Amino acid sequence: SNPAELPIAALRKTVAGFGLSCIGTQDEMLELLITHLKENPGVGGPTAANESNASSNSSVPAATGTPDEDVEAKSIRLAKTALRLSEEGDDEGILRLLGDDITKASSVGALRKAYLKLSLLLHPDKLQDKFDGATRAFQALVSAFEHVSRPEL
């Protein structure tokens, strides 16, 4: 079926099934899906119908990194990088960890989207037993988002 004709909930499931972020407007998700399909020709992916039957306990899909890197390893790698960038004072760098083009001039929506995608991977509840710096990494993310989205504070 044509993704542009899917209801928003079905489009979100389809986009997430490809391991892409389902955060954003319908147009943003369609653009992300189209770009992914153009960059990965011949890649079969889930449809909204079979995605809804998938197990609900799946982890957040990896958006960057090596294809073999699992979500846990990616989250730990990102948490360590966030801590290093925080020590360097690179707030924009933290929000760019997943490859989003983030600057202080970025829209609040783009900043929020980058923050939410990272927060799913860096949340202490997911990493607490696996990485000692999980809470500090998440605090660095929150601080980076606040500094970049509201520099007047």
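Residues numbered from 1 in each chain as written. Predicted model: local features only at pLDDT ≥ 70, side-chain atom pairs only at ≥ 80, totals over all residues. Heavy atoms only, no water.

Chemist: Explain the nonpolar core to me, please; I cannot follow it from the model alone.
Modeler: The tendency in soluble globular proteins is for nonpolar side chains to be buried as a group. Among the nonpolar cores identified, the biggest contains 27 residues, and Leu 78, Ile 94, Leu 95, Leu 97, Leu 118, Leu 122 and Leu 141 are the most heavily contacted of them. Counting residues per element, the ones that place at least two in this core are α4 (71-88), α5 (91-95), α6 (108-122) and α8 (134-149). The dominant element in this core, judged by the number of residues it contributes, is α8, at eight residues. Ranked by size, the runner-up nonpolar core spans nine residues in total, among them Leu 6, Leu 11, Leu 20 and Leu 33. (Core = buried A, V, L, I, M, F, W, Y, C linked by side-chain atoms within 4.5 Å. Buried < 20%, exposed > 50% of the residue type's maximum accessible area, 1.4 Å probe, protein only. Helix = DSSP H or I, 4+ residues; strand = E, 2+ residues; numbered from the N terminus.)

Chemist: Explain the packing of α4 against α8 here, please?
Modeler: The relative placement of two packed helices is expressed as an angle between their axes plus a distance between the axes. The interhelical angle for the contact between α4 and α8, taken along N-to-C directions, is 60°, at an axis separation of 9 Å. It follows that α4 is oblique to α8 by the angle criterion. Two packed elements cross with a definite hand, and for α4 against α8 that hand is left-handed. Residues Ala 79, Ala 82, Leu 83 and Ser 86 of α4 touch α8, and the partners they reach there are Arg 136, Ala 137 and Ala 140. Residue composition of the contact of α4 with α8, grouped by class: five nonpolar, one polar and one charged. (Axes fitted to C-alpha atoms, helices over the stretch in contact; angles between N-to-C directions. Parallel < 35°, antiparallel > 145°, perpendicular 65-115°, else oblique. Left-handed = near helix turned anticlockwise from the far one by under 90°. Contact = heavy atoms within 4.5 Å. Nonpolar A, V, L, I, M, F, W, Y, C, P; charged D, E, K, R; others polar.)

Chemist: Just checking my understanding: could you explain α8 for this structure?
Modeler: Given 3.6 residues per turn, any residue in an α-helix points the same way as the ones three and four places further on. Taking 1.5 Å per residue, 16 residues should reach 22 Å; α8 reaches 23 Å between its end C-alpha atoms and fits that length. Within α8, the full set of buried residues consists of Ala 134, Ala 137, Phe 138, Ala 140, Leu 141, Ala 144, Phe 145 and Val 148. Projected down its long axis, α8 carries its buried residues within an arc of 155°, all on one side. Those residues of α8 hidden inside the fold are in contact with α4, α5, α6 and α7 (124-127). (Expected span 1.5 Å × (residues − 1). Arc of directions from axis to C-beta.)

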